[in-house]
Amino acid sequence: MTYKHDAKPEVLRIEELIHNVKSGDIKLPKFQRPFVWKKEDILALLDSIYKRYPIGSILLWLTKEKLASERRIGDLEINERPEEYPTNYLLDGQQRLSTLCGALYWNGSDPKSMWNISFDLDKETFIYPDGEDKVEYFPLNKLLGTFDFINQCKRFEGHPKKEKFEENSRRLLESIKDYKIAAVIIGDMTVNEVAPIFERINSTGRRLTMVDLMRAATWSGEFDLSYAIDSVRNALSLKNFEGVAEIEILRNISSVNGYGFNKEDINKLRDLSSGVLQESAEKCKSAYEHAVDFLTGELPITSNVYLPYSLQLTFLVDFFNICPTPTINQRNQLQRWFWKVAFSRYFASFNTAQITLDLKQMRDFAREEVDELLITKPVDYEKFINEDFRLNKASSKTFALLLAQNKPKSLLDGTSINTSKALAIINRHEYHHIFPKAFLKSSGISNIDLHANICLLNMGNNRTISDSRPSVYFKKLENLLGENLEEVLLSNFINIDAYQAALEEDYDKFIKIRSSLIIEESMKLVGDN
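Structural notes, computed from the coordinates. (Residues numbered from 1 in each chain as written. Predicted model: local features only at pLDDT ≥ 70, side-chain atom pairs only at ≥ 80, totals over all residues. Heavy atoms only, no water.)

### A closer look at the side chain of threonine 218
Relative to the assigned elements, threonine 218 resides in helix α7 (residues 210-218). Here the side chain of threonine 218 touches methionine 214 through a polar contact of 2.6 Å, landing on its backbone oxygen. Not counting residues up to four positions away in its chain, the partners in contact with threonine 218 are Phe223, Leu225, Leu269, Arg270 and Leu277. (Helix = DSSP H or I, 4+ residues; strand = E, 2+ residues; numbered from the N terminus. Polar contact = N/O pair within 3.5 Å; in protein donor to acceptor, adjacent residues only side chain to side chain. Contact = heavy atoms within 4.5 Å.)

### Quick word on the sheet that holds strand β8 (residues 125-127)
An order of β8-β7-β9 is seen for the three strands of this open sheet, with the pairing classed as antiparallel. Because the sheet does not close on itself, it has two edges, and the strands there are β8 and β9 (137-139). Averaged over all adjacent pairs, the angle separating strand axes in this sheet is 35°, with direction ignored. Sheet strands touched by helix α2 (residues 39-50): β7 (118-120) and β8. Its angle to β8, the strand with the most contacts, is close to 155°. (Pairing = 2+ DSSP bridges. Axes fitted to C-alpha atoms, helices over the stretch in contact; angles between N-to-C directions.)

### Some points on helix α14 (residues 352-366)
The terminal C-alpha atoms of α14 lie 21 Å apart, and with 15 residues this matches the ideal 21 Å at 1.5 Å per residue to within 8%. Turning to α14, its buried residues number three or more, namely Ile355, Asp358, Leu359, Gln361, Met362, Arg363, Asp364, Phe365 and Ala366. Considering only its buried residues, α14 is in contact with α9 (246-255), α12 (310-322) and α13 (328-344). For α14, the N-terminal cap is asparagine 351; the gap from its side-chain oxygen to the backbone nitrogen of alanine 353 is 3.2 Å. (Expected span 1.5 Å × (residues − 1). Buried < 20%, exposed > 50% of the residue type's maximum accessible area, 1.4 Å probe, protein only.)

### Some points on the nonpolar core
Of all hydrophobic cores here, the largest spans 108 residues; its most connected members are Leu295, Leu313, Trp337 and Phe474. Contact partners of tryptophan 337, with chain neighbours within four places excluded, come to Gln312, Phe315, Leu316, Phe347, Met362, Leu373 and Ile375. Core analysis: the next-biggest nonpolar cluster, separate from the first, contains 45 residues, Ile26, Leu46, Tyr128 and Phe156 among them. (Core = buried A, V, L, I, M, F, W, Y, C linked by side-chain atoms within 4.5 Å.)

### Describing the pattern of salt bridges
When the charged atoms of two side chains with opposite charge come close together, those side chains can pair. Counted under the stated rule, the structure contains 25 salt bridges. The partner of arginine 171 in a salt bridge is glutamate 167, with the nearest N and O atoms 3.6 Å apart. Taken together, the residues arginine 171 and glutamate 167, both in helix α5 (residues 162-177) and four residues apart, mark about one turn of the helix. We classify arginine 171 as partly exposed; its relative accessible area is 36%. (Salt bridge = Lys/Arg side-chain N within 4 Å of Asp/Glu carboxyl O.)

Here it is, written out as structure tokens:
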């Protein structure tokens, strides 16, 4: 293939294409989605080729850029091309070429492989043989090798349908070897220029992420961004933080080099050597470990799913990269910063300029050049407490953390609630409507899901209370706990006045009193008191 600037089509035979894949002249860049076709999709493609139906064109990008690419397609190991050669990266046609390579070059090791495909010479259909070895089943991985083809045809000797099988074998071979596909080849473009082309023609509509592009742009034999990200996640798995988003880890790999979080800063990583990138990944992992230790040790967080905003962890990682052993004042300030960001919805909307200023402040604070972290956005406490409880919202995650911070005890029997377990995964069954939903609906009350009507409760206890009226189960609690009643109530932000309102089934009064208690505690955490 010749190197081209203009995107012009060439007509290539399938045999030539898959040979180029096998030799490493055509590669699948890492930003491609994984192989997702099902068996029926694979058989349909092969049937279309056999019947000479059109299967569409492919798009190749010919470049001397060395990008991260797949080393295997199916059971096929891809050869490495010398660095001086330009390489064709496949932008469109991955599923089709992967299918053809997988089926025609299958190594035969696993009979259950999706590439164990045969052609029924009698019925002229492509099948999965499922362990059957009939004479008329022609394995596709025996098709292109001359000796394999001849030996396979020898099996027809003496068979009454020998002539039919031989004819259909030749037809099968010709259909594969002679089938032509239009290949559009583009060149002289950077990975950023190619990205929108890939996105435009990608049939799934999947847009390339910043991680996809940087995975390709920074790859070398010594550095693989995918491995670096997985390394961070694996280090955090013991504390249930392995779900940290890839883009956040990439932002922090950028930030440990002194860059920012935005796209322009992250793009600077492509100019760094593989050694510097590898060192950055290690520093990033260490900073993540310190940040997660802080979150799980000094805040009621036991998994990343309860972070109100992912950027909270991203900023903390930047801090701990600079200052792995903060002072008591710094730790106290970080706690207040966390709560203020969460309660004020500070990261619900943000722009690049603001993030840049916040990052500078965090770095100045880490170096002890400033004594406190300022968040100018005020907290609307009334709005917060009167929101409906939905665990897919940052405000409700914040509320769940607030409940856990108060070390609640069960409103059923007074036992301590395992908040670590409750906050390990998003599970609405760990929460209870203090005034049960059925009771409120029967009373004609609609605002039943307010934060102020929600408490933490172990799942088993939740089922026990179910839809009992508060006047009933609160009275049982009083009889059970005696003088310990007030302690249990206060751990759930319920004082004696609120308790009395619950016994009287006065929902509005109960909500008003409990709301004031929750707001008071919220203000303490933020430092607004």
